[in-house]
Each structure stands twice: as structure tokens, then as C-alpha cells.
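# Analysis of the macromolecular model
Each chain, letter by letter, is given below.
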Amino acid sequence: MMQSMAVPPFERFYEAHGAEIFRYLVRLLGRQAAEDAFQETFLRALRAYADLRHAEHLRAWVFTIATRVALDEHRRRRSPKTQVTDCYLEENGSGLATGDDPPAYAELAELADNLPHTERAAVVLRYGYDLPYADIAAALGSSEDAARQATSSGVRRLRRRMT
Amino acid sequence: MTVPAELDRRFRESAVAEGLVDVGYDLADSPIGLLLVAATDQGVCRVAFDPEPERELATLARAFGTRVLRTPKPVEVVRRQLHEYFEGRRRAFELDLDLRATPAFQQLVLHELARVRYGEVDTYGGLAAKIGKPRAARAVGGALNRNPVPIVLPCHRIVGASGSLVGYGGGLERKRALLELEGAAI
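Quick caveat: nothing in here was measured; it's all calculated off a predicted structure.

Moving on, we get to the overall build of chain B. The number of helices and strands found in chain B is 7 helices and 6 strands. Reading the helices (α) and strands (β) of chain B from amino to carboxyl end gives α-β-β-β-α-β-α-α-β-α-α-β-α. Relative to the compact-globule value of 16 Å for 186 residues, chain B shows a C-alpha radius of gyration of 17 Å, a close match. Across its three principal axes, chain B shows a C-alpha extent of roughly 60 × 35 × 25 Å. When burial is assessed residue by residue, chain B has 52% of its 186 residues classed as buried. Considering only residue pairs separated by 6 or more positions, chain B has 60% of its internal contacts joining residues 24 or more positions apart.

Okay, the pattern of salt bridges next. Residues and elements named next belong to chain B. Summed over the entire model, instances satisfying the criterion amount to 28 salt bridges over all chains. Residue Arg9 pairs with Glu13 through a salt bridge whose shortest N-O separation is 2.6 Å. A residue pair is termed a helical-turn pair when its members lie 3 or 4 positions apart in one helix, as Arg9 and Glu13 do in helix H1 (residues 5–17) at 4 residues. Look at Glu13 and you get partly exposed, because its relative accessible area is 45%. A salt bridge links Glu182 to Arg157; the nearest nitrogen and oxygen atoms lie 2.8 Å apart. Here Arg157 lies in the loop between helix H6 (137–145) and strand S6 (158–159) and Glu182 lies in the segment after helix H7 (172–181), a separation of 25 residues in the sequence. Each of Arg80, Glu84, Arg90 and Glu94 takes part in one network of salt bridges that share partners.

All names here are of chain B. Domain annotation of chain B identifies domain 1 (5–86) and domain 2 (104–181). One C-alpha centre belongs to domain 1, the other to domain 2, and the line joining them spans 24 Å. Contact with domain 1, which involves 11 residues of that partner, is made by 15 residues of domain 2. For the pair domain 1 and domain 2, the summed buried area comes to about 1100 Å², and 72% of that belongs to carbon and sulfur atoms. Of all residues in domain 1, Ile32, Phe49 and Tyr85 bury the most surface against domain 2, accounting for 60% of the area lost on that side. In this assembly, domain 1 and domain 2 are joined by 3 residue pairs in polar contact (both at pLDDT 80 or more). If you list the elements that add at least two residues to the side of domain 1 that touches domain 2, you get strand S3 (44–48) and helix H3 (76–86). Residue composition of the side of domain 1 that touches domain 2, by class: 10 nonpolar, no polar and 1 charged.

Time to look at the environment of A:Thr163. Residue and element names in this part refer to chain A. Inspection of the secondary structure puts Thr163 in the segment after helix H8 (144–162). Overall, the relative accessible area of 87% leaves Thr163 in the exposed class. Thr163 sits 46 residues away from His117 along the chain, and the two C-alpha atoms are 22 Å apart.

A few words on the environment of B:Ser164. Note that B:Ser164 resides in the loop between S6 and H7. Expressed as a C-alpha distance, the spacing of B:Ser164 and B:Phe105, which sit 59 residues apart in the sequence, is 25 Å.

Regular strands place their side chains on alternate faces of the sheet. All names here are of chain B. Within strand S1 (residues 23–28), 6 of the 6 residues are buried, which leaves the element mostly enclosed by the surrounding structure. Side-chain alternation along S1 places Val23, Tyr25 and Leu27 on one buried face and Gly24, Asp26 and Ala28 on a second face that is also buried. Note that S1 and strand S4 (residues 68–70) share 3 bridges and pair parallel. Paired with Tyr25 across the strands is Arg70, a residue of S4. Here S1 runs beside strand S2 (residues 35–39); their pairing, made up of 5 bridges, is antiparallel. Directly across from Ala28, in S2, lies its bridge partner Leu35. Here S1 hands over to S2 after 6 residues, with Gly33 in that stretch at a positive phi of 105°.

What follows concerns the interface of chain B and chain A. Facing the 25 residues of chain B at the interface are 25 residues of chain A. Its largest share of buried area at the contact with chain A, chain B owes to B:Met1, B:Phe11 and B:Thr66, together 35% of the area lost on that side. Viewed at the interface, chain A and chain B are joined by 3 salt bridges. The residue A:Arg47 makes a salt bridge to B:Glu18 at a minimum N-O spacing of 2.9 Å. For the interface between chain B and chain A, the tally reads 10 residue pairs in polar contact (both at pLDDT 80 or more). Going through the elements one at a time, H1, helix H2 (53–64) and S4 of chain B are the ones with two or more residues in the side of chain B that touches chain A. Sorting elements by how many residues they give to the side of chain B that touches chain A places H1(B) first, with 7 residues. Among the residues making up the side of chain B that touches chain A, the classes are represented as 15 nonpolar, 3 polar and 7 charged.

Basis of the calculations
Each chain has its residues counted from 1, running along the sequence as written. Whichever chain is written first becomes A and whichever ligand is written first becomes 1, with later ones labelled in order. The predicted nature of this model means local features are confined to residues of pLDDT at least 70 and side-chain atom pairs, given and counted, to a pLDDT of 80 or more, with totals for whole chains, interfaces and linings taken over all residues. For side-chain calculations, the full set of non-hydrogen atoms in the structure is used, while hydrogens and water are omitted. Secondary structure elements are defined from DSSP: runs of H or I of at least 4 residues count as helices, runs of E of at least 2 residues count as strands, and each element is numbered from the N terminus. It is over C-alpha atoms that the radius of gyration is taken, and the globule rule equals 2.2 Å times the number of residues to the power 0.38. Relative accessibility decides the category of a residue: with a 1.4 Å probe and only protein chains considered, values under 20% of the type maximum give buried, values over 50% give exposed, and everything between is partly exposed. Residues count as neighbours in contact if any of their non-hydrogen atoms are within 4.5 Å of one another. Basic side-chain nitrogens of Lys or Arg form a salt bridge, by our definition, when they fall within 4 Å of a carboxyl oxygen of Asp or Glu. Either an automatic procedure or a domain database provided the assignment from which the domain bounds are taken. Put simply, buried area is how much 1.4 Å-probe accessible surface two parts lose in total, over both of them, once they are put together. Here a polar contact is taken to be a pair of N or O atoms separated by no more than 3.5 Å, where protein atoms must pair a possible hydrogen donor with a possible acceptor and residues adjacent in sequence count only if both atoms sit in side chains. The residue classification treats Ala, Val, Leu, Ile, Met, Phe, Trp, Tyr, Cys and Pro as nonpolar and Asp, Glu, Lys and Arg as charged. All others, Gly included, are polar. Strand pairing requires that DSSP identify at least two bridges connecting the strands.

Written as C-alpha cells, this is what we have:
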């Protein structure tokens, strides 16, 4: 019989993923909007937490919630590009993408900043956080093929810009 | 980049304000060491001497629900009353308790225990007799040993038939310190 891991106390889950989710949201939304999105992400997680039956894929699960919150925020905004760029520039000198960030993340994150939202999320999740396509698909609310496509078209776009 | 402290605090407060927390807990300093205190929306559900929350949190999650979060608000009252108790300014606790996860026999014992007053002591056999089970002194001892809310429910006031301190979930030194604080004749 497969034994499923018990759902950890929320505090443990929050401690384990809070910081990386915050960094991810700063990357997608800029510092200021990331704070609201962070709160919203973990409140949504908390609302759903009591119904979780096992502890598998918790990391992918919370990235999914964060991605949806971020995409909702993008949809809500009128002129997202300017704001995101502004926020990012503001943050640029102050310790983003340092320390315990995934190694591939630092250079990638900066490059990915001007991609369309879905492609940016896909590229950062795939190469920054090493999530498999199935999890990225769940995070984007799309099929696995669409997640692959978003990732590779994001990468193609980056290549075109670099040449 | 870690989560900014202010943002972290705001999230924890909102979680409580929206009623999304099964158990709120925090640590409290005391003269007998750091305590972990926890409460549900029904009342105080845990006072623990071992402030290493690792095992404690898993137990709380199993008993009351997985949404266990460190946050000061739900335990503000119990922390304040414990502080007053340790300063000698409080002789009785006025707190709602959540003993849902406690078996019926143990609840019976704890209920009787709550009547043993500040500065007084009783014996395991005495308590057993009071709940109508005079031969259940050992079972009473076991029930007290698993008291989820020590200090608040004063299992430190129960001693052996000879008057010796015998046992205490938090260790005999703590039991002695609590009885001395209360000025009990031991």
C-alpha cells in the first residue's frame, strides 16, 4: 500500500515556501505588488489547506496559487509593463536574485522581465525553480503542451533579443 | 530575500482575522523556562514545557486541524494570565479551555483537579476517591501526566500519598518551583 505523507502543520508549510514564493512574486510583479500578492497567495492556500488530504506536490501547489494570483493582478492592471519595469528598476540594486536563489535564476530573471506574463511565469518556473511541465501546466491552468509551448516561445523570444 | 517582517506579521494577523486558523500558538517566557501556549477559537488547548514546536505542532494539527499558525493574538490572554501568575498576582485562571481532544476519563480527572486550590495539595488517591474511583490512583496519575494545559490546570498540586512530589510531566524541578511559588507546604 502506498503511504501518503500527512499534511504538515500550516506553519511548517509556510516556513518552507514563504521566502521562495515571495521572491517569485517580486520577479513577476515588482516589489510593491508582490506584497499584496504574497498575502493573497497564502490566504488562498490557508482557505484550501483544511481540505488537503496528502502532502504531495505542496510546493507545486503553492506556486500554482501564486502564479494565478500574479496573472490575476496582471489582468487587473491597465498598463502593466511600465509598472513592472519601474518596480523592478527600483529593486534592481537591492539584493534581488542573490543568496539562496536558485543558481540559474539570477541572469534568467532579469532577462525574462520583459516577456509576456504567461511566458515569463513559464520560463521562471521551468528554469528558475526547476518545476516539471506538468506542474507549470497546473500553475498556468493550461495543458502540459501549452506549458511547454509557452516556455519554449519565451526562450525563443529571449534568444532573439540577445542576438 | 526573505519575507519582510512587516509583511509576515500582516499575513498572520489577516489569517486570524479571517477565521482561517485552527490553532494559534506562540512562545512565552516564564521563570520555569520557555513555554509553548496554543489556543483554538474555543479556548486554550495546550501549554507545553518543551518549546521545541516540531513535535508539538504535529500533535496539535492531528487533534484540532492542520491550520496551525504561530501568531500572538489568540494566546494573548493566556500569556498575560500566566505572567500574572508567575509574578504572584494571580491565584486562579479565568480562561476558556478546549479539551475536545481529551478522552472522557481524563476530562473527569481534570475537572476535579481544577478544584484543587492555589497553595493547596492533594494526592493521586485523594483525587481518585473524589471522582468515585478510589482504586484508580494510577490511572489518575496517567491522566495528569498527559494534562494538555499544565499550570492552568494545576497537576503540580497533586503529590504522592507520602507527601513526596513523585512525578511531573514537566520534571520535578518545575513542580517544586510552582509549589514554592504558591507557598504550598511541601
